[in-house]
Amino acid sequence: MDLEKAEIGARIRNRRKECHMTGEQLAELVEISPEFLRSIECGINWLSVRTLARLSGALYTTTDYLLWGDQSKESEQSL
């Protein structure tokens, strides 16, 4: 399986919206700029492992879901 930046970005954006967060709110939680978050969500830039881990925590999901879309491993934490 290939990692597709656009697909990963779309999962991050969709999950952010499911969590009722703005890009600015999520960027602040993850300690990145809103511009960098937008570039990740648009599939322009790659993210580091550290940023991936912070995003998964802030979005109440797993890194597996963000990378591969594996919903069976999605966290069961409620929002």
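Scroll up to find the structure.
Residues numbered from 1 in each chain as written. Predicted model: local features only at pLDDT ≥ 70, side-chain atom pairs only at ≥ 80, totals over all residues. Heavy atoms only, no water.

A. Seen up close, the pattern of salt bridges. Applying the stated criterion across every chain, the model contains five salt bridges. The shortest N-O distance in the salt bridge between Glu24 and Arg38 comes to 3.7 Å. Taken as a pair, Glu24 in helix H2 (residues 23–30) and Arg38 in helix H3 (residues 34–41) lie far apart in primary sequence, 14 residues in all. Assessed through its relative accessible area of 45%, Glu24 is described here as partly exposed. You can call Arg38 partly exposed: its relative accessible area is 40%. The residue Glu31 makes a salt bridge to Arg54 at a minimum N-O spacing of 3.0 Å. Of this pair, Glu31 sits in the loop between H2 and H3 while Arg54 sits in helix H4 (residues 49–58), and the two are 23 residues apart along the sequence. Glu31 sits in the exposed class, given a relative accessible area of 60%. What emerges from the salt-bridge pattern is a single network uniting Glu24, Glu35 and Arg38. (Salt bridge = Lys/Arg side-chain N within 4 Å of Asp/Glu carboxyl O. Helix = DSSP H or I, 4+ residues; strand = E, 2+ residues; numbered from the N terminus. Buried < 20%, exposed > 50% of the residue type's maximum accessible area, 1.4 Å probe, protein only.)

B. Geometry of the environment of Arg50. Examined against the element boundaries, Arg50 turns out to sit in helix H4. Sequence-wise, Arg50 and Val30 are 20 residues apart; in three dimensions their C-alpha atoms are separated by 9.4 Å.

C. Region of the structure containing unusual backbone geometry. Even without glycine at this site, Glu31 takes up a positive phi of about 65 degrees. Phi is positive for Tyr60, close to 55 degrees, though the residue is something other than glycine. Looking at the element boundaries, Tyr60 is found in the loop between H4 and helix H5 (63–68).

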